[in-house]
Amino acid sequence: MRPSDRPLWELNDFNAIACLMVILIHVLSLGISNADPTAPQAFFIYLPWRLSAFVVPAFLFSGAVKIALHSDAALTAAAYGRYVLHRFRKIYLPFVIWNVIYYLVFLPIHYVNGSIGEFLRYLWYGNLSSPFYYVLIVMQFYLLLPVWVWLIRRVPAVPAIFCAFLVSLLFLRIGAVLEIFGISFAYGDRIFPTYLCFWVMGLYAGKHYTLLKEHLTRISLLFAAVPVCFFALVAYLQYAKGVYFLDLNPVKLCTDTLSIWLLLGLCLMIREKLPHLSRPLGYIYRASFFVYLSHCLFLTVGTVFFQRIGITALTPLLALRALVCYSVPFLLFFFWEKAKHFISSPKTMSKA
């Protein structure tokens, strides 16, 4: 059986754990800005926050792997049209709907001014809430599907990945480069070339997926963990001391890559050693996109509520933010699934 013919459960687990890490990043973000950087509390906030900061590249990597696993199919104009329409319905349309919901909820708490023009700008730039920019990035990659299919069929892995890393390095500094020519551009984090290395790496990982899994041994994962942890400690020291002697953005491309391998290796071990986790991880995976889009709404509203009733100390506030984000969005998805099942049941019975 070819890799594309069997379910790759570890990739579902990969996305599920990445979803939990996204929530962690946003829960802890208040601590990053409000904690005393020199206090021990800041260490325990900053380190997991920094170690989780590879999740958007991880989602892109996983999506590219799945595309490569199905790249043998003929890509006709009709197939491409169906693919784009499916992605629009599954990814972009929920993004638009959640933008509307956020905007309406943010109006009474004065997070937005309330105008069609403002809303459309938020929608265009994906900056109404922290997670939204990912949708704009991944849709750009989806629209370029013919390019990726051509690439993995015609170009060897090493030069493709090497060139992709060079492009990503350049676009990390695209704002500064354009400033030389008098052009102001503050949205380099919302255009696909900035993340090209992770996508292209995922394409070739999918193309050679069986070989990749054979090389993700425990020893190789241990060696990958060392620079990732070292990078996080250096980043913490710069944060704690307020002295940024090293630009870590180029280094982050490498440590994010290693973190992706670590997470994939962990998911392979979970499937092998801890199969009882498959059911909860499966539910988290099904809920992941819904939770990804919705959790910051509950995080923001919950934080405003807790602060208004007098809970302002950082530790209890972070704990309550975590409680809200790891419960309410998942419960809402549970009821959403039940409602969809209830609505579709009469149609199923009538057909029978």
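In this report, we go over the structure that sits alongside the text. (Residues numbered from 1 in each chain as written. Predicted model: local features only at pLDDT ≥ 70, side-chain atom pairs only at ≥ 80, totals over all residues. Heavy atoms only, no water.)

## Comments concerning the state of the cysteines
Applicable threshold: Cysteine sulfur atoms are paired as a disulfide whenever they fall within 2.5 Å. Throughout this description, buried means an accessible area under 20% of the type-specific maximum (1.4 Å probe, protein chains only), exposed means over 50%, and partly exposed covers the range between.
Applying the stated criterion across every chain yields a total of zero disulfides. Here Cys254 is not disulfide-linked; the sulfur of Cys197 is the nearest cysteine sulfur, at 8.6 Å. By relative accessible area, which is 46% here, Cys254 ends up partly exposed.

## Observations regarding the environment of Gly188
Defined as follows: Each helix corresponds to a stretch of at least 4 residues labelled H or I by DSSP, and each strand to a stretch of at least 2 residues labelled E; elements are numbered beginning at the N terminus. Note on definitions: a residue-residue contact is assigned when non-hydrogen atoms from the two residues lie within 4.5 Å.
By secondary structure assignment, the location of Gly188 is in the loop between α9 (174-180) and α10 (196-207). Gly188 sits in the buried class, given a relative accessible area of 14%. For the pair Gly188 and Ile174, spaced 14 residues apart in sequence, the C-alpha separation works out to 6.4 Å. Not counting the four nearest positions on each side in its chain, Gly188 is found in contact with Ile174 and Thr194.

## Focus: the pattern of salt bridges
Our working rule: Basic side-chain nitrogens of Lys or Arg form a salt bridge, by our definition, when they fall within 4 Å of a carboxyl oxygen of Asp or Glu.
Counted according to the given criterion, the structure contains seven salt bridges. Close ionic contact of Lys273 with Glu272 constitutes a salt bridge, the shortest N to O distance being 3.6 Å. Assigned by exposure class, Lys273 and Glu272 land together as exposed.

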